[in-house]
Amino acid sequence: MKVKAAVAHAPQQRLTIEQVDLEGPKAGEVLVEIKATSVCHTDAYTLSGADPEGLFPAILGHEGAGIVAEVGPEVKSLKPGDRVIPLYVPECRHCKFCLSGRTNLCQAIRKTQGQGMMPDGTSRFSVGGTRLYHYMGTSTFSNYTVVPEIALAKIREDAPLDKVCLIGCGVTTGIGAVINTAKVRVGDNVVVFGLGAVGLNVIQGARLSGANMIVGVDINPGKKAIAEKLGMTHFVNPKEVEGDLVPYLVDLTDGGADYAFECIGNVNVMRQALECCHKGWGTCVIVGVAGAGEEISTRPFQLVTGRTWKGTAFGGVKGRTELPKIVDWYMDGKIILDDFITQVMPIEEINTAFELMEEGKAIRSVLTF
Ligand code: NAD
Ligand code: AHE
Ligand code: ZN
């Protein structure tokens, strides 16, 4: 079938809206009509050329929501008309990782997903006979996409797709990082570096967990107001701090953060985030994604003296099992989501959405088809 997609032909080039060929779903696959998608910083990171797994030409996008249009052979859990959120971390419920009870990182299709292919090693997208790569197993910058059944969370029928698309990444990642990965407890002091959709949702998760101090750190003072609405108690602009940021944060939090979250993708900030943690027990959670070849470093003494570095993908959430509950939280008014949507625009304006994100003028732009 012919579909409308935003194609990324090469790194650092504008996306082009094109009519693209999409093959129907094969065994275990599902054709989804994407109704809305938002742009996450990870899309911009891959488009920048910094992603070691970045492949071109590709159809990017991983924060979307849609309706099942057709199911391939052997698909059992979904039917046409079901509302779904695509999952860049699938949940097969059979692999060693799924059965471990220790991680959400299902590995059933990770290899082919990283190669921009469906699990059978081929692509469903092409244009003018040229193969297009899938992206993160989701490729939501297209009005139709083919996704493995194990990478679709079925959600309730009354969920507004132009809102809950954010649950496909930013909202879930931020809240999950706090609740699943860090397991923040009542009274903990939390420091959050980077107040984009991910960091703001860490703030929201920290408030829900009953944190005491919730310190937000961002070089863009325009993020202060929304962060305060979500529960931030103290704002720190590193550009306004005299002297080193780390001792400033350690002082502010009476000895250091119980938990610090890096939500930027900057390896220098990842070091600051670890070193502002409390001696003896503070834990730093890495959420941001850093570019090819970049590495983190610190004095091993920081770890010897009781600080921990850990990381999280998709907030440690098992998507098929847990996303329906997160959608319920939104529908029941337990979590804020609408405030993150700063722009709504047609897919034709997707390049503007990327520009607004880079300029710090958007939290999330939602694109509709
Ligand atoms: P974003 O661009 O919307 O937000 C980043 C924020 O960081 C901005 O407010 C910016 O002003 C701030 N910032 C930039 N440099 C800074 C600095 N030196 N000090 C303080 N603040 C600074 O991005 P986002 O969509 O919220 O994503 C954040 C990061 O999380 C990205 O690296 C993204 O790739 C990653 N991410 C990871 C996961 C995961 O599963 N681990 C999921 C989603 C996003
Ligand atoms: N391709 C990158 C990896 C990027 C990365 O870490 N992605 C996160 C999700 S970011 C969503 O906005 C993730 O899920 N990681 C786990 C995984 O298996 O990819 C690289 O550096 O190679
Ligand atoms: Zn994302």
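Conventions and cut-offs
Residues numbered from 1 in each chain as written. Chains lettered and ligands numbered in written order. Predicted model: local features only at pLDDT ≥ 70, side-chain atom pairs only at ≥ 80, totals over all residues. UniProt positions renumbered as here; feature names shortened; annotations may be inferred. Helix = DSSP H or I, 4+ residues; strand = E, 2+ residues; numbered from the N terminus. Core = buried A, V, L, I, M, F, W, Y, C linked by C-beta atoms within 7 Å. Buried ≥ 20, exposed ≤ 12 C-beta atoms within 10 Å, placed from the backbone. Domains from an automatic or database assignment. Contact = placed C-beta atoms within 7 Å. Near = placed C-beta within 6 Å. Nonpolar A, V, L, I, M, F, W, Y, C, P; charged D, E, K, R; others polar. Pairing = 2+ DSSP bridges.

Peer 1: Explain the UniProt feature "domain: Enoyl reductase (ER)" (unreviewed entry) in the chain to me, using residue names and the numbers behind them.
Peer 2: The sites that UniProt annotates as "domain: Enoyl reductase (ER)" (unreviewed entry) are residues 10-367. With 27% helix and 22% strand, residues 10-367 has end C-alpha atoms that lie 21 Å from one another.

Peer 1: Outline the nonpolar core, listing residues and values.
Peer 2: One finds Val 190, Val 191, Val 192 and Phe 261 to be the most contacted residues of the largest nonpolar core, which totals 111 residues. In terms of residues, this core owes the most to one element, helix 6 (residues 197-208), which gives six residues. Two domains each provide a minimum of three residues to this core, namely domain 1 (2-168 + 337-368) and domain 2 (173-312). Each residue touching Val 192, except ones within four places of it in the same chain, is listed here: Gly 199, Val 202, Ile 203, Val 215, Gly 216, Val 217, Phe 261 and Cys 263.

Peer 1: I'd love a proper account of the site of ligand 2, names of residues and values included.
Peer 2: Cys 40, Thr 42, Asp 51, Pro 52, Glu 53, Tyr 88, Val 89, Arg 110, Cys 169, Val 289, Ala 313 and Phe 314 make up every residue found near ligand 2. When its residues are assigned to classes, the shell around ligand 2 shows eight nonpolar, one polar and three charged.

Peer 1: Residues and numbers for the site of ligand 1, please.
Peer 2: Lining the immediate environment of ligand 1, one finds 33 residues, of which His 41, Gly 194, Gly 196, Val 198 and Gly 265 sit closest. Elements that contribute at least two residues to the shell around ligand 1 include exactly helix 1 (41-48), helix 5 (170-182) and helix 6. Residue composition of the shell around ligand 1, by class: 18 nonpolar, 13 polar and two charged. Looking at which domains feed residues into the shell around ligand 1, each of domain 1 (2-168 + 337-368) and domain 2 (173-312) supplies at least three.

Peer 1: Could you give an account of the pairing of strand 3 (residues 29-38), with specific residues and numbers?
Peer 2: A regular strand places its side chains so that they alternate between the two faces of the sheet. The element strand 3 is extensively covered by neighbouring structure, given that eight of its 10 residues are classed as buried. Strand direction decides the pairing type here: strand 3 and strand 8 (residues 144-148), joined by five bridges, are antiparallel. Across the sheet, residue Glu 33 finds its bridge partner in strand 8, namely Tyr 144. Where strand 3 lies against strand 4 (residues 63-71), eight bridges are found, and the strand directions are antiparallel. Its bridge partner being in strand 4, Ala 36 is matched across the sheet by Ala 65.

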